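The chain contents come next:
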Amino acid sequence: MRPIRKNPSIRELRQFTALWLLFFTVMAVMLWHRTGALTTALVIWGAALTVAVVGLLFPKLMRWVYLVMSYLAFPMGWVVSHVLMALIFYLVVTPVALVLKMLGRDPLERSTDPSRSSYWVRCQQADTPSRYFRQF
């Protein structure tokens, strides 16, 4: 996982500010569309616009907002990434491995064969050096 940058660049802070405005604009529009609360949506959008204008003009002021949001999002990202990886492993990799094992397939040729003198696999030599640039 990417570590939290404690000293983000001006460019990163401006990108964060733009994403902040986009996120809260979408939230305000969704609130207005679902509930019809135009005043509340305009207040949210106005606050987001104020923060965004200040952040675009003075990006260093957004550093603390950036850090707070990063520290709040980090645990969620850690949990979600680990849960997704576990789901992929147990719902995709494990069933494929079990099916291959039931079929008797060993794609990596890990089984030992006492009758073999060597497990060396000969590879074809490239005809010309240009072949190295066309690997597949």
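Residues numbered from 1 in each chain as written. Predicted model: local features only at pLDDT ≥ 70, side-chain atom pairs only at ≥ 80, totals over all residues. Heavy atoms only, no water.

> Please clarify how the pattern of salt bridges should be interpreted in this entry.
Where charged atoms of side chains with opposite charge meet at close range, the side chains can pair. Going through the model one piece at a time under the given rule, you end up with two salt bridges. Notably, a salt bridge pairs R5 with E12, separated by 3.2 Å at the nearest N-O pair. What makes E12 buried here is its relative accessible area of 19%. (Salt bridge = Lys/Arg side-chain N within 4 Å of Asp/Glu carboxyl O. Buried < 20%, exposed > 50% of the residue type's maximum accessible area, 1.4 Å probe, protein only.)

> Mind showing me how you'd approach the packing of aromatic side chains here?
In this description, a pair of aromatic rings is defined by centroid distance and the angle of the planes. Counted under the stated rule, the structure contains five aromatic pairs. Measuring from ring centre to ring centre gives 4.8 Å for W20 and F24, while their planes differ by 55°; the resulting arrangement is tilted. Taken as a pair, W20 and F24 lie in helix α1 (residues 10-35) at a separation of four residues, close to a single helical turn. Look at F24 and you get partly exposed, because its relative accessible area is 23%. For R63, the ring lying beneath its charged end belongs to W64, and the centroid distance is 4.9 Å. (Phe/Tyr/Trp six-rings, centres within 6.5 Å; stacked < 30°, edge-to-face > 60°. Helix = DSSP H or I, 4+ residues; strand = E, 2+ residues; numbered from the N terminus. Lys NZ or Arg CZ within 6 Å of the ring centre and 35° of its normal.)

> How do you make sense of helix α2 (residues 38-57) when you look at a structure like this?
An ideal rise of 1.5 Å per residue puts 28 Å on 20 residues; α2 measures up with 28 Å between its terminal C-alpha atoms. For α2, the full list of buried residues reads A41, A48, A52 and G55. Down the axis of α2, the sector holding all buried residues measures 65°, keeping them to one side. Summarising the geometry of α2, the exposed residues directed more than 90 degrees from the buried face are T39, V43 and L57. (Expected span 1.5 Å × (residues − 1). Arc of directions from axis to C-beta.)

> Sorry if this is basic, but what is going on with the packing of α1 against α2 here?
When two helices pack together, you describe them by how their axes are tilted relative to each other and by the distance separating the axes. Running from amino to carboxyl end, α1 crosses α2 at an angle of 175°, the nearest separation of the two axes being 8 Å. Here α1 is positioned roughly antiparallel relative to α2, judged by the angle of their axes. Every residue of α2 that contacts α1 at R14, T17, W20, L21, F24, T25, A28, L31 and W32 is listed here: L38, T40, A41, I44, W45, A48, L49, V51, A52, G55 and L56. Grouping the constituent residues of the contact of α1 with α2 by class yields 15 nonpolar, four polar and one charged. (Axes fitted to C-alpha atoms, helices over the stretch in contact; angles between N-to-C directions. Parallel < 35°, antiparallel > 145°, perpendicular 65-115°, else oblique. Contact = heavy atoms within 4.5 Å. Nonpolar A, V, L, I, M, F, W, Y, C, P; charged D, E, K, R; others polar.)

> Just checking my understanding: could you explain helix α3 (residues 63-103) for this structure?
Residue pairs spaced three or four apart in an α-helix point in one direction, given the helix's 3.6 residues per turn. Between its terminal C-alpha atoms α3 stretches 57 Å, which fits the 60 Å expected from 41 residues at 1.5 Å a residue. In α3, a bend of some 30° at F89 exceeds every other bend along the element. Taken as a whole, α3 has its buried residues at Y66, L67 and S70. Looking at the buried positions of α3, the neighbouring elements they touch are α1. The first or second residue beyond α3 is G104, which carries a positive phi of 80°. (Bend = angle between axes of the 7 residues up to and from the residue.)

> Mind showing me how you'd approach the packing of α1 against α3 here?
As a packed pair, α1 and α3 sit with axes 10 Å apart at the nearest point and diverge in direction by 70°. Between α1 and α3, the crossing angle belongs to the class labelled roughly perpendicular. Each of E12, L13, F16 and W20 in α1 lies in contact with α3, whose residues at this interface are R63, V65, Y66 and M69.

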